[in-house]
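Per-entry structural report
Single-letter residue listing:
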Amino acid sequence: MAVTLPAVVEELLSEMAAAVRETARIPDEHLSSLKFIFGSSAIQALDLVDRQSITLISSPSGRHIYQVLGSSGKTYTCMASCHYCSCPAFAFSVLRKSESLLCKHLLAVYLSQVMRTCQQLSVSDKQLTDMLLIEKKQEA
Amino acid sequence: MRPRLDRDVLRMAETLRRVLSRGSAVGTGEDTAEVGPPLLLLGAPGSGKTALLFAAALEAAGEGRGPVLFLTRRPLQSLPRGIGGALDPLRLQKIRFQYPPSTGELLRLLCSAHEAPGPAPSLLLLDGLEEYLAKDPGPQEAAYLAALLLDTVAYFSHRRGPNRDCGLMVALQTQEEGDNGNALQLALLQRYFPAQCWLQPDAPGPGECRIRACLEPSGLGPRTEWCVTFQPDGEMKITRWPTQACDPSSDKSSSSGDQP
Ligand SMILES: [Zn+2]
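For the structure given in this document, a descriptive report is provided here. (Residues numbered from 1 in each chain as written. Chains lettered and ligands numbered in written order. Predicted model: local features only at pLDDT ≥ 70, side-chain atom pairs only at ≥ 80, totals over all residues. Heavy atoms only, no water.)

A tally of helices and strands in chain A yields seven helices and four strands. When the helices and strands of chain A are placed in sequence order, the string is α-α-α-β-β-β-α-α-β-α-α. The C-alpha atoms of chain A give 15 Å as radius of gyration, which agrees with the globular expectation for 140 residues (14 Å, within 12%). Judged by the C-alpha coordinates and their principal axes, chain A covers about 45 × 35 × 25 Å. Scored against the burial criterion, the 140 residues of chain A give a buried share of 50%. Element-wise, carbon and sulfur atoms account for 53% of the exposed surface of chain A, whose accessible area totals about 6,600 Å². Charge separation in chain A, taken as the distance between the mean sites of 13 positive and 13 negative side-chain charges, equals 8 Å. (Helix = DSSP H or I, 4+ residues; strand = E, 2+ residues; numbered from the N terminus. Rg over C-alpha atoms; globule rule 2.2 N^0.38 Å. Buried < 20%, exposed > 50% of the residue type's maximum accessible area, 1.4 Å probe, protein only. Areas by Shrake-Rupley, 256 points an atom, 1.4 Å probe, with all protein chains shown as cover. Lys, Arg positive; Asp, Glu negative; His and termini not counted. Charge placed at Lys NZ, Arg CZ, Asp CG, Glu CD.)

What follows is the structure, given as structure tokens:
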């Protein structure tokens, strides 16, 4: 698995985006495909989207990241340019075991882009640096 | 936020290929504004990784597409092999060297790349990635560093504007075979670096040093082989390897050259 999604998933996401633009909702057959590919993560990701748990954070520099408020109340950082999430499931199931393509947070980020339901937050360049460095602080 | 891969993959590390094909003097018909996907340069100690990175830096600096950022743990003690006579001070001026002394400092540099003033680089190079990966880093630490490198060049590309993407080349020293921790780490890094270039010292002639470079553009393009020769006078020569395709059965020491 590479850091990009398989073509079939890319295709599904772009079909979903087109459907949302036209009918403002996601067709049932797309939801079934999503559940078929991602299993229970699909439900959990849709739940995160419903609760508006995804925030696109940008600074005046133009750099941006995503933060996802997990169901446990913990916030995870997702990179905007490649597959990376700071949650334990990403480290274990995606990176170590290669069992899943994505964690529910990254899937929620993709879905929130498709459904255009991202929260937006502007921070200073310095604050964005600290958010990107979050990993270090958690370890310390 | 769609990861940029498909449109880039076939361009397969243009910069390195230009460096590699310089010796065979191909025409200049190719669009030089294109960069390839992130490239991982792999080889044992002394296999010419630094020399090739430095050559790529000089090549990119000569294209007039903007500055080149070269990250390495410590200053080069001497010019890499093969650079000697060809050094153009104007090109060298366009290469900005930075020496993050620790993993923490490297992470800070990448995380704060958007705070740095001045034009965004056209190429980011990192020599000695292994020095920034702790003895036994968890997969998340290695992935975090790889993802940050990708995020930094994605940001540089954004700042440079359409069709002026920033390239990324990272050199990693390969270890002894049969080390499981390293196999996992390498597999993980390969996810973030779709293209890889394997360097292998080849039986040298008297007074010269020959490296076999095998470029693998992540399965979507042909695998090509090159011969890098450092001659006694210090000059670096790059030619196509006589046989077209790599034959995995013939190179005993690079069992890890094939992707799973
Ligand atoms: Zn996650």
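Having seen the model, we can carry on.
Turning our eyes to something else, we now look at the interface of chain A and chain B. Across the contact, 40 residues belong to chain A and 30 residues belong to chain B. Across the chain A to chain B interface the summed buried area is about 3,200 Å²; carbon plus sulfur atoms make up 58%. Among the residues of chain A in contact with chain B, R63, S81 and L95 of chain A are the three that bury the most area, contributing 21% of the side total. Linking chain A with chain B are one salt bridge, by the criterion used here. For R63 of chain A, the salt bridge is made with D151 of chain B, and the minimal N-O distance between the two is 3.1 Å. On inspection of chain A and its partner chain B, the count reaches 17 residue pairs in polar contact (both at pLDDT 80 or more). Listing elements by their share of the side of chain A that touches chain B, those giving two or more residues are α1 (7-23), α4 (88-96), α5 (104-115), α6 (125-132) and α7 (134-139) of chain A. Of the residues assigned to the side of chain A that touches chain B, the class counts are 22 nonpolar, ten polar and eight charged. (Contact = heavy atoms within 4.5 Å. Buried area = accessible area lost by both parts, 1.4 Å probe. Salt bridge = Lys/Arg side-chain N within 4 Å of Asp/Glu carboxyl O. Polar contact = N/O pair within 3.5 Å; in protein donor to acceptor, adjacent residues only side chain to side chain. Nonpolar A, V, L, I, M, F, W, Y, C, P; charged D, E, K, R; others polar.)

The next point concerns the side chain of T77 of chain A. Residues and elements named next belong to chain A. Note that T77 resides in strand β3 (residues 75-79). With a relative accessible area of 8%, T77 lands in the buried category. Apart from the residues within four sequence positions on either side, T77 is in contact with I65, Y66, Q67, Y84, C85, S86, M131 and I134.

All names here are of chain B. When you line up the elements, N182 lands in helix α7 (residues 180-192). A relative accessible area of 25% means that N182 is categorised as partly exposed. Between the C-alpha atoms of N182 and L76, which are 106 residues apart in sequence, the distance is 26 Å.

Residue and element names in this part refer to chain A. In the contact formed by helix α2 (residues 28-38) and helix α3 (residues 40-50), the axes pass within 6 Å of each other and the chain directions differ by 125 degrees. The pairing of α2 with α3 is recorded here as oblique in orientation. Here L31, L34, K35 and F38 of α2 come into contact with α3, specifically with S40, S41, A42, I43 and L46. A breakdown of the residues in the contact of α2 with α3 according to their chemical character gives six nonpolar, two polar and one charged. (Axes fitted to C-alpha atoms, helices over the stretch in contact; angles between N-to-C directions. Parallel < 35°, antiparallel > 145°, perpendicular 65-115°, else oblique.)

This brings us to the coordination of the zinc ion. All names here are of chain A. Here the zinc ion is held by the protein donor atoms C85 (SG), C87 (SG), C103 (SG) and H105 (ND1), which lie 2.1 to 2.4 Å from it. Around the zinc ion, the four donor atoms are arranged such that angles at the metal cover 101 to 116 degrees; this shape is classified as tetrahedral. Here the donor residues for the zinc ion map to a single chain with the spacing C-x1-C-x15-C-x1-H. (Donors = N, O, S within 2.8 Å, 3.2 Å for Na, K, Ca; no water. Tetrahedral: all angles 85-135°; square planar, octahedral: opposite > 155°, others 65-115°.)

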